[in-house]
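The chain contents come next:
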Amino acid sequence: NQKFLQTHWTTENGLPQNSVTGIAQTTDGYLWLGTFGGLARFDGVTFKIYTTANTPELKSNRIHTMTTDKNGTLWIGTELGEIIYYKDGKFTRIDRSELIDDTEISDFYVDDAGLLLVGTTKGILTCKVGSCQRLIKDFHKKVGRIIKDTNGTIWIISEGFLHKIKDETVISEPGLT
């Protein structure tokens, strides 16, 4: 039998808030934790905290989702519809538009080509540094999760239903709701 060491970290150890909403690891080895009290960078021993008080690019401390892309960029989504990326030690916020204004960011998926898919409470967007556009124009439902299977099909969970994206349309999967 192998024994494992288990350690439990809380606000007493430096987390900004005890509910972790997202986790990602950047290529420099840091673990990033999203909480409803801000963003925490963890080196295995200590936390460095990023909040609205010390990071002007964050307008909300309520982090909902995070992911990294193949270039080592950390993408952060907030309750207020902010999409922020962290690259080379710098946070940058994508300019807000009518597509993401006050729209909760619920999930991210980055494909192999570097395209960022963004799940929101009002549908699914594609974003890149600087701008976003609606992926499917007539789909305005809350997206809970986005994944891509080994065949390259993009699947989304929306309001308890499973859908796949094909040719920029959403197809509901019968029997999988």
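Everything here concerns the structure above.
Right, let's walk through the structure included here.

How each quantity is defined
Residues numbered from 1 in each chain as written. Predicted model: local features only at pLDDT ≥ 70, side-chain atom pairs only at ≥ 80, totals over all residues. Heavy atoms only, no water. Phe/Tyr/Trp six-rings, centres within 6.5 Å; stacked < 30°, edge-to-face > 60°. Buried < 20%, exposed > 50% of the residue type's maximum accessible area, 1.4 Å probe, protein only. Salt bridge = Lys/Arg side-chain N within 4 Å of Asp/Glu carboxyl O. Helix = DSSP H or I, 4+ residues; strand = E, 2+ residues; numbered from the N terminus. Pairing = 2+ DSSP bridges. Axes fitted to C-alpha atoms, helices over the stretch in contact; angles between N-to-C directions.

As for the packing of aromatic side chains
Step number 1: Inspection of every chain in the model, using the stated rule, returns eight aromatic pairs.
Step number 2: When the ring of Phe42 is compared with that of Phe47, the centres are 4.4 Å apart and the planes differ by 25°; the resulting orientation is stacked. Like Phe47, Phe42 is buried.
Step number 3: Measuring from centroid to centroid gives 4.6 Å for Tyr86 and Phe91, while their planes differ by 50°, and the two rings are tilted.
Step number 4: Residue Tyr86 is classed as buried on the basis of its relative accessible area of 11%.

Structural notes on the pattern of salt bridges
Step number 1: A complete count under the given rule lists two salt bridges for this structure.
Step number 2: Salt-bridge contacts for Glu79 lead to Arg62; the nearest nitrogen and oxygen are separated by 3.0 Å. Linking Glu79 in the loop between strand S6 (74–78) and strand S7 (83–87) with Arg62 in the loop between strand S4 (47–50) and strand S5 (63–68), this pair joins segments that are 17 residues apart in sequence.
Step number 3: One salt bridge connects Asp107 with Arg145, and the closest N-O pair in it is separated by 3.0 Å. Taken together, the residues span a long stretch of sequence, with Asp107 in strand S9 (residues 105–110) and Arg145 in strand S13 (residues 143–148) at a distance of 38 residues.
Step number 4: We classify Asp107 as buried; its relative accessible area is 5%.

With respect to the environment of Gln6
Step number 1: Inspection of the secondary structure assignment puts Gln6 in the segment before strand S1 (20–25).
Step number 2: Judged by relative accessible area, which is 73%, Gln6 ranks as exposed.
Step number 3: When the C-alpha atoms of Gln6 and Ile105 are compared, they prove to be 31 Å apart, with 99 residues separating the residues in sequence.

Section: the sheet that holds strand S15 (residues 161–166)
Step number 1: Strand order across the open sheet formed by four strands is S13-S14-S15-S16, with antiparallel pairing between neighbours. In this open sheet, the two edge strands, each paired with only one partner strand, are S13 and strand S16 (169–172). Each adjacent strand pair in this sheet contributes to an overall mean axis angle of 30°, direction not counted.
Step number 2: Note that strand S14 (residues 154–158) and S15 share five bridges and pair antiparallel. Considered in S15, the bridge of Ser158 is made with Phe161.

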